[in-house]
Amino acid sequence: MYHYVCHGNRCAEENIRNYLENYYNAFDEDGRLLSKHGQVEYLTTIKYINECLVGIPEPLILEIGAGTGRYSVELAKRGYQVTAVELISHNLELLNAKLDGSESITVMQDDALDLSALPDAAYDVTMLLGPMYHLYTRKDKKQALSEAVRVTRPGGFILVAYCMNEATIIQYAFKENNIKDLLARNMITPDWHCISEAKDVFEMVRTEEIASLNAEFPIERIKLVATDGASRYMSETINAMDDETFANWMDYHFAICERQDLIGASNHTLDILRKHSEVY
C-alpha cells in the first residue's frame, strides 16, 4: 500500500516556491530523463544507487525532492520500502499517478529545509537529487544537507546531486549566445561563476564548493560522479544514435564518469557520501 501525508508548507521564502511551481508546471521532467541524452544521467544515477543498496537486506530509502518519482517509483516497484518527499504539488500529482497501490511507498509534501516530520537516523539510503539545484545561499544548502544527514542512519549513504557552473558558462552563456546579456546584468562574477536568484530557478556550483559544504558534517565522500558528463554538450548526436552506438557511448561514459579531472565540466554531478558510524 502507499500513503499520502501532507505536513504543510514550511518553505523559507514563498516566492522561491512560486518560481518552482511555475517552472515544473510547464516542464516535462520525465521527458528530459527519457530522451537518449537524458537517459545517461538517469542510468548513471540508478547505477550508483544500486551500488549503495548492495549488502543491505531490507533497506529503508528516502528521496528528498522526489520530483515526479522517476527514481522513487522505480525503486518502490522493485519492492523497496521508500519515502518520497516533494514540495511541488504538480510533481506530486504526476508521482501519485504512477502508483497502483501495490508499492510500499509513503509520499509526503514537505520542504528539504525542514524534515522535522521524519525521525533521526532512520534511513539506509537518503537521496537529495533535486533540492540543491534550487537553493541559492550556503545557509540553505547547509540546512538541506544537515537534514539529510540527520535522518540517515550511522553508516548509511547520502546521495546529493548538483548542477555545475562550467557547463552552464560553456553552453548557456557562450554556445547559446547569452554571454553579453549575462555580463550586462552582472550575473557572472569576475572569476566566471554564475550568480543565480530564485527567478533563475537553478543554482550552479563548483567542486570546491561541494567539498567545503561536506567538511561541515560527519560524513565522508565515497565518490563524486559526473552523471551526464559530455552528454548534454552533444545531445543531438546522442539522440540520433542507434541502440548499439548508444550502448557504446554508455560504456565509454561509465569508464570515465569518476575521473576527477572531468567532473567540473559535467552538467550534473552526484556526490556519494557515507555518514560516519560514530557521530561525535
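This text goes with the structure placed above it.
My aim in this report is to walk through the structure given alongside it, one point at a time. These figures come from a predicted structure and were not determined experimentally.

**Things to note about the overall build of the protein**
Alright, step 1. For the protein, the count of helices and strands is eleven helices and nine strands.
Alright, step 2. Sequence-distant contacts in the protein: of pairs separated by 6 or more residues, those separated by 24 or more amount to 77%.
Alright, step 3. Summing over all exposed atoms, the protein offers an accessible surface of approximately 12800 Å²; the carbon and sulfur share of this is 53%.

**Looking at the side chain of T126**
Alright, step 1. One can find T126 in strand 5 (residues 123–128).
Alright, step 2. For T126, a relative accessible area of 0% gives the class buried.
Alright, step 3. A polar contact is formed between the side chain of T126 and the side chain of T152, at a distance of 2.7 Å.
Alright, step 4. In contact with T126, not counting residues within four places along its chain, are L62, I64, A148, V151, T152, F157, I158 and L159.

**Quick notes on unusual backbone geometry**
Alright, step 1. Phi at N177 takes a positive value of approximately 60°, unusual for a residue other than glycine.
Alright, step 2. Inspection of the secondary structure puts N177 in the loop between helix 7 (165–175) and helix 8 (179–184).
Alright, step 3. In this structure N177 comes out as exposed when scored by relative accessible area, which is 62%.
Alright, step 4. Phi is positive for W192, which is not a glycine, with a value near 70°.
Alright, step 5. As for its position among the elements, W192 is in the loop between helix 8 and strand 7 (204–205).

**Structural notes on the packing of helix 3 (residues 36–53) against helix 11 (residues 243–256)**
Alright, step 1. Look at helix 3 against helix 11: their axes get within 11 Å of each other, and the N-to-C directions meet at 45°. Overall, the two elements helix 3 and helix 11 adopt an arrangement that is oblique. Taken as a pair, helix 3 and helix 11 cross one another with a handedness that is right-handed. Side by side, helix 3 and helix 11 meet where K36, Q39, V40, L43, T44 and K47 of the first sit next to D243, F246, W249, M250, H253 and F254 of the second.

**Concerning the nonpolar core**
Alright, step 1. With 40 residues, the main nonpolar core has I49, V125, M127, L159, L270 and I272 as its most contacted residues.
Alright, step 2. If sequence neighbours within four positions are ignored, L159 has contacts with Y48, I49, C52, V125, T126, M127, L128, L129, L270, D271 and I272.
Alright, step 3. Of all hydrophobic cores here, the second largest spans 27 residues; its members include L118, Y123, L135 and M164.

**Overview of a nonpolar patch on the surface**
Alright, step 1. Residues F174, L183 and W192 make up a contiguous nonpolar surface patch of about 300 Å² in total accessible area.
Alright, step 2. With respect to the secondary-structure elements, L183 resides in helix 8.
Alright, step 3. For L183, a relative accessible area of 42% corresponds to the partly exposed category.

Analysis parameters
- Residues numbered from 1 in each chain as written.
- Predicted model: local features only at pLDDT ≥ 70, side-chain atom pairs only at ≥ 80, totals over all residues.
- Heavy atoms only, no water.
- Helix = DSSP H or I, 4+ residues; strand = E, 2+ residues; numbered from the N terminus.
- Contact = heavy atoms within 4.5 Å.
- Areas by Shrake-Rupley, 256 points an atom, 1.4 Å probe, with all protein chains shown as cover.
- Buried < 20%, exposed > 50% of the residue type's maximum accessible area, 1.4 Å probe, protein only.
- Polar contact = N/O pair within 3.5 Å; in protein donor to acceptor, adjacent residues only side chain to side chain.
- Axes fitted to C-alpha atoms, helices over the stretch in contact; angles between N-to-C directions.
- Parallel < 35°, antiparallel > 145°, perpendicular 65-115°, else oblique.
- Left-handed = near helix turned anticlockwise from the far one by under 90°.
- Core = buried A, V, L, I, M, F, W, Y, C linked by side-chain atoms within 4.5 Å.
- Patch = residues over 30% accessible without salt bridge, like charges linked within 9 Å, V, L, I, M, F, W, Y side chains within 5 Å.
- Salt bridge = Lys/Arg side-chain N within 4 Å of Asp/Glu carboxyl O.

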